[in-house]
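Letter by letter, the chains look like this.
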Amino acid sequence: MFEQVIGQQEAQARLLQLQQEQRLPHALMLCGPMGSGKMALAMAFAKHLLSRNSNDEAMLAKWEHPDLHFTYPTIKLPSMGTDHKPVSDDFAQEWHELIMAGSYFTMTEWLEMMGGENQQAIITAGESDALIRKLSLKSSQGGYKVSLIWLPERMNIECANKILKLLEEPPQQTIFLLVCEEPERLLETIRSRVQRIDIKRIADEDIRQALMSKRGLSEENAQRVARMANGSWLKALEMLSVDSENELFLDMFQTLMRLAYQRKVKDLKTWSERMAGMGREKQKRFLDYFLRLIRENFMFNFREPDLCYMTQREEDFAKNFARFINEANVIPISELANRAIRDIGQNANAKIVFFDFALQMIVLLITK
């Protein structure tokens, strides 16, 4: 059941122990960073809970078990009516295609599958109504019913309140598995109704072994990629991709820093407009990348190779740039990026956010 999960033996053992000792709560929430494998764990555990006979196993192999209900963020397509609240079932075919390809995936991949990369995906109140109807039915196979909710922090407030009632009065023989990256965005009342299990970053050795066995990398290359992946299997896979968007992000980072240093305001405005043309999810990924490179360039100054995690291209740029990131500006620059992430997440005007971001970098780069 757990053969697709990379590492995380401790978390696997804890989940199995809860069931074996009959201490399984009606609602579990797996929390952890992107790429740690929390969704893979949840899907494997759902399979374990529902697998009672060979027929169950056959259905689960295709993720078509009638007692397994997936809930996930969706978007509103132009073809949908004005009053329609999108629900998971609207994208069931796309979701099935996504999870059949594997249990490690990103919101970006999911948005692309739905055809709305520039939209913000949410879980609507319509979804909670649909889930209530599904879970009110008896188990078709006589065992558990499993409700697996991916990224519950994306529920709107109306949906969250309805899900809260479900958690307070769970249907018989129903297990809720919530897979969460930002638990602080959830209602406190929901957090208090679930048993939280924190999923740590994947051990470098587990990633190294998986890269060799699943991807055929040499020991040396697997070691380098595992170290750079920083505990994320998704990051490791991304680094193997020839057309990684990190190449674009590095170009954007280098351009920003050069223009800010040269105080070319007009060119910085063009840079901010280019950033604004990206979808909001991609903008947030760039800002996350920006934060990582700021940290790595700061650490580069200490001349401790074991503390730095950069590609060769990133390191080549750092040789001349790192001295501009110092004790006086590393925290203000990081705070600036985090504010931009918050503003983008709240649907602020991206042109204004990134132009202001770029102008402030002019001042921060000369701070010593």
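Residues numbered from 1 in each chain as written. Predicted model: local features only at pLDDT ≥ 70, side-chain atom pairs only at ≥ 80, totals over all residues. Heavy atoms only, no water.

1. Considering the pairing of strand β1 (residues 27-31)
Put simply, the test is: Think of it in three bands: residues with accessible area under 20% of the maximum for their type are buried, residues over 50% are exposed, and the middle band is partly exposed, with areas taken using a 1.4 Å probe on protein chains only. Under the scheme used here, helices are H or I runs from DSSP no shorter than 4 residues and strands are E runs no shorter than 2 residues, and both carry numbers assigned from the N terminus. One requirement defines pairing of two strands: DSSP has to find at least two bridges between them.
Of all the five residues making up β1, five are buried; the element is thus mostly covered by neighbouring parts of the structure. What you see with β1 is no split at all: Ala27, Met29 and Cys31 on one side and Leu28 and Leu30 on the other are buried throughout. Strand direction decides the pairing type here: β1 and strand β4 (residues 174-180), joined by five bridges, are parallel. Pairing of Ala27 across the sheet is with Phe176, part of β4. Here four bridges tie β1 to strand β5 (residues 195-198), and the two strands are oriented parallel to one another. Residue pairing in the sheet places Leu30 in a bridge with Ile197 of β5.

2. Digging into the packing of helix α16 (residues 330-345) against helix α17 (residues 350-365)
The condition is simple: Angular values range over 0 to 180 degrees, each being the angle between N-to-C directions of two axes fitted as lines to C-alpha atoms, with helices fitted over their stretch in contact. Our angle categories are set so that under 35 degrees counts as roughly parallel, over 145 as roughly antiparallel, 65 to 115 as roughly perpendicular, and the remainder as oblique. Contacts between residues were defined by any pair of non-hydrogen atoms, one from each residue, lying within 4.5 Å. Three classes are used: nonpolar for Ala, Val, Leu, Ile, Met, Phe, Trp, Tyr, Cys and Pro, charged for Asp, Glu, Lys and Arg, and polar for all others, with Gly counted as polar.
Put simply, α16 and α17 touch, their axes get as near as 10 Å, and they point 175° apart. With respect to α17, the axis of α16 lies roughly antiparallel. Contacts from Pro332, Ile333, Leu336, Ala337, Arg339, Ala340, Asp343 and Ile344 in α16 reach Ala350, Val353, Phe354, Phe357, Gln360, Met361 and Leu364 in α17. When the residues that make up the contact of α16 with α17 are grouped by side-chain class, the tally is twelve nonpolar, one polar and two charged.

3. Observations regarding the environment of Ile366
Residue position: Ile366 is located in the segment after α17. Between the alpha carbons of Ile366 and Thr108 there is a distance of 35 Å; along the sequence they are 258 residues apart.

4. Re the packing of aromatic side chains
Given two aromatic rings, their pairing is described by the distance between the two centres and the angle made by the two planes. Note the following rule: Ring pairs shown here join Phe, Tyr and Trp side chains whose ring centres sit within 6.5 Å, with only the six-membered ring taken for Trp; geometry is labelled stacked below 30 degrees between planes, edge-to-face above 60, and tilted in between.
Under the counting rule described, the total for this entry stands at 23 aromatic pairs. Aromatic side chains Trp95 and Trp150 sit 5.7 Å apart centroid to centroid with 45° between the ring planes, which places their arrangement in the tilted category. Taken together, the residues span a long stretch of sequence, with Trp95 in helix α4 (residues 92-100) and Trp150 in strand β3 (residues 145-150) at a distance of 55 residues. Judged by its relative accessible area of 3%, Trp95 falls in the buried class.

5. A short note on empty space enclosed by the protein
As a reminder of what qualifies: Lining residues are those with an atom within 4 Å of a point, where the points come from a 1 Å grid over the protein atoms alone and group into cavities, where a 1.4 Å probe fits but cannot get out, or pockets, open sets with protein on both sides within 12 Å along at least five of seven lines. Grid points are joined across faces, edges and corners, and a volume is the space filled by probe spheres set on the points.
Under the definition given, this model contains one cavity of 30 Å³ or more. Looking at the largest cavity, its volume works out to about 120 Å³. If you trace the largest cavity, you find 14 residues lining it, with Gly35, Lys38, Met39, Phe105 and Leu234 closest to the centre. The greatest single-element share of the lining of the largest cavity, amounting to three residues, is contributed by helix α2 (residues 38-50). Class assignment for the residues of the lining of the largest cavity results in eight nonpolar, four polar and two charged.

6. Examining the side chain of Arg280
Spelled out, the test is: In the analysis that follows, any N or O atom pair within 3.5 Å is treated as a polar contact, provided that within protein one partner can donate a hydrogen and the other can accept it, and provided that, for residues neighboring in sequence, both atoms belong to side chains.
Note on placement: Arg280 falls in helix α14 (residues 280-300). A polar side-chain atom of Arg280 sits 3.2 Å from the main-chain carbonyl oxygen of Ile344. Separated by 3.4 Å, the side chains of Arg280 and Asn347 make a polar contact. In contact with Arg280, not counting residues within four places along its chain, are Gln120, Ile344, Asn347, Ala348 and Ala350.

7. Things to note about the nonpolar core
The nonpolar side chains of a soluble globular protein tend to be buried, and buried together. Worth spelling out the cut-off: Grouping buried Ala, Val, Leu, Ile, Met, Phe, Trp, Tyr and Cys residues that are joined through side-chain atoms within 4.5 Å yields what is termed a nonpolar core.
Ranked by size, the top nonpolar core spans 58 residues in total, and within it Phe70, Trp95 and Trp150 carry the most contacts. The dominant element in this core, judged by the number of residues it contributes, is α2, at ten residues. If you look at the next biggest cluster of nonpolar residues, it comprises 41 residues, including Met252, Leu259, Phe321 and Phe354.

8. Quick notes on unusual backbone geometry
With glycine set apart, most residues show a phi of negative sign, and most peptide bonds adopt trans. A positive phi angle is found at Trp63, which is not glycine, with a value near 55°. Within the element layout of this structure, Trp63 appears in the loop between α3 (54-61) and β2 (68-71). A relative accessible area of 14% means that Trp63 is categorised as buried. Positioned with a positive phi, Gln173 is a non-glycine residue whose angle comes to about 55°.

9. Some words on the environment of Tyr309
With respect to the helices and strands, the residue Tyr309 is situated in the loop between α14 and α15 (312-321). Considering only alpha carbons, one finds Tyr309 and Ala229, 80 residues apart in sequence, at a separation of 8.6 Å. Setting aside chain neighbours within four positions, we find Tyr309 in contact with Arg227, Met228, Arg292, Arg295, Glu296 and Glu314.

10. Observations regarding the pattern of salt bridges
Keep this limit in mind: Salt bridge, as used here: a side-chain nitrogen of Lys or Arg that lies within 4 Å of a carboxyl oxygen of Asp or Glu.
The full count for this structure, using the stated rule, is 23 salt bridges. Linking Glu247 and Arg313 is a salt bridge whose minimum nitrogen-to-oxygen distance equals 2.6 Å. Residue Glu247 is found in helix α12 (residues 245-262), and its partner Arg313 is found in helix α15; the two are separated by 66 residues along the sequence. Between Arg292 and Glu314 there is a salt bridge, with its nearest N and O atoms 2.7 Å apart.

11. Some points on helix α7 (residues 157-168)
Defined as follows: Take the number of residues in a helix, subtract one, and multiply by 1.5 Å to get its expected span. The arc refers to the directions leading from the helix axis to the C-beta atoms.
The terminal C-alpha atoms of α7 lie 16 Å apart, and with twelve residues this matches the ideal 16 Å at 1.5 Å per residue to within 8%. Those residues of α7 lying buried are Cys159, Ala160, Ile163, Leu164, Leu166 and Leu167. Relative to the axis of α7, the buried residues are bounded by an arc of 160° and lie together on one face. In this structure, α7 carries Ile157 and Lys165 as exposed residues pointing more than 90 degrees from its buried face. If you follow the buried residues of α7, they end up packed against β1, α6 (125-135), β4 and α8 (188-191).

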